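# Structural characterization, general
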Amino acid sequence: LDLEHKTRSRKWEGQPVAIVDIDDVLAEFRTPFANFLGRRYDIEADVESDQYFFVEDILKASGNINPEKVFESFVQERHFRCLPIVENAKDFLQYLRNEGYWIQLLTARPKEDLKIFYDTYYWLSGSDLEFDRLDFSPEKLRWCMSSEYYDSGAIKFAVDDSPKHALEYANHGIKVKVPTKSYNKKIK
């Protein structure tokens with residue numbers, strides 16, 4: 001809560017803004033989630049598959065396990081507290097800071113789930129990553145358009161691995177950088 005209060009208290013002063021996703025941009029999600037599926041459910045998930053949440057692998061292996069329930073068990077076991085940091089993520093954020101960017105982290109994780117909300121802040125407090133604010137939204141473009149940054153044209157780019165979010169940003173005039181992943185290879 002202390003970190004959340006500190007970041008909410010920071011006043012944006014017109015700096016250029018970089019919108020940065022967390023999962024598989026700053027925090028390794030796929031491999032820990034695949035490992036969890038193997039340990040907890042005996043499901044072998046291919047980390048190089050073209051599906052982000054391994055829905056087909058879960059359905060094929062289990063027959064009737066709801067993939068959303070599987071994700072909920074990952075959350076309940078508090079795995080968001082201990083995700084590894086993506087290689088070079090610290091350097092990337094430090095570079096943005098040195099270039100004068102306001103770093104807005106924006107994740108699609110559901111903040112209504114208090115374990116996700118608190119575990120995200122817990123992870124960030126121990127990560128030593130540079131950022132100014134954090135917010136949660138499954139509709140990232142809409143969030144950006146409602147933000148204080150949008151009307152002034154301060155959003156210079158976004159970084160997101162999700163095909164959905166990357167395409168929405170790009171189709172609405174926000175430059176987007178996409179780290180290449182097996183599930184987003186079709187993005188140009």
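Residues numbered from 1 in each chain as written. Predicted model: local features only at pLDDT ≥ 70, side-chain atom pairs only at ≥ 80, totals over all residues. Heavy atoms only, no water.

## Topic: the environment of Tyr95
Inspection of the secondary structure assignment puts Tyr95 in helix α5 (residues 89–98). Between the C-alpha atoms of Tyr95 and Glu130, which are 35 residues apart in sequence, the distance is 9.5 Å. (Helix = DSSP H or I, 4+ residues; strand = E, 2+ residues; numbered from the N terminus.)

## Some points on the environment of Lys188
Following the sequence through the fold, Lys188 ends up in the segment after β5 (176–177). Taking the relative accessible area as the measure of exposure, Lys188 reaches 93% and is therefore exposed. Residues Lys188 and Val178 lie 10 residues apart in sequence; the distance between their C-alpha atoms is 9.0 Å. (Buried < 20%, exposed > 50% of the residue type's maximum accessible area, 1.4 Å probe, protein only.)

## Section: the pairing of strand β3 (residues 133–136)
Two faces belong to every sheet, and in a regular strand the side chains alternate between them. What you see with β3 is no split at all: Arg133 and Asp135 on one side and Leu134 and Phe136 on the other are buried throughout. Sheet topology note: the strand β2 (residues 102–107)/β3 ladder contains four bridges and is parallel. Within β3, the residue paired with Gln104 across the bridge is Arg133. (Pairing = 2+ DSSP bridges.)

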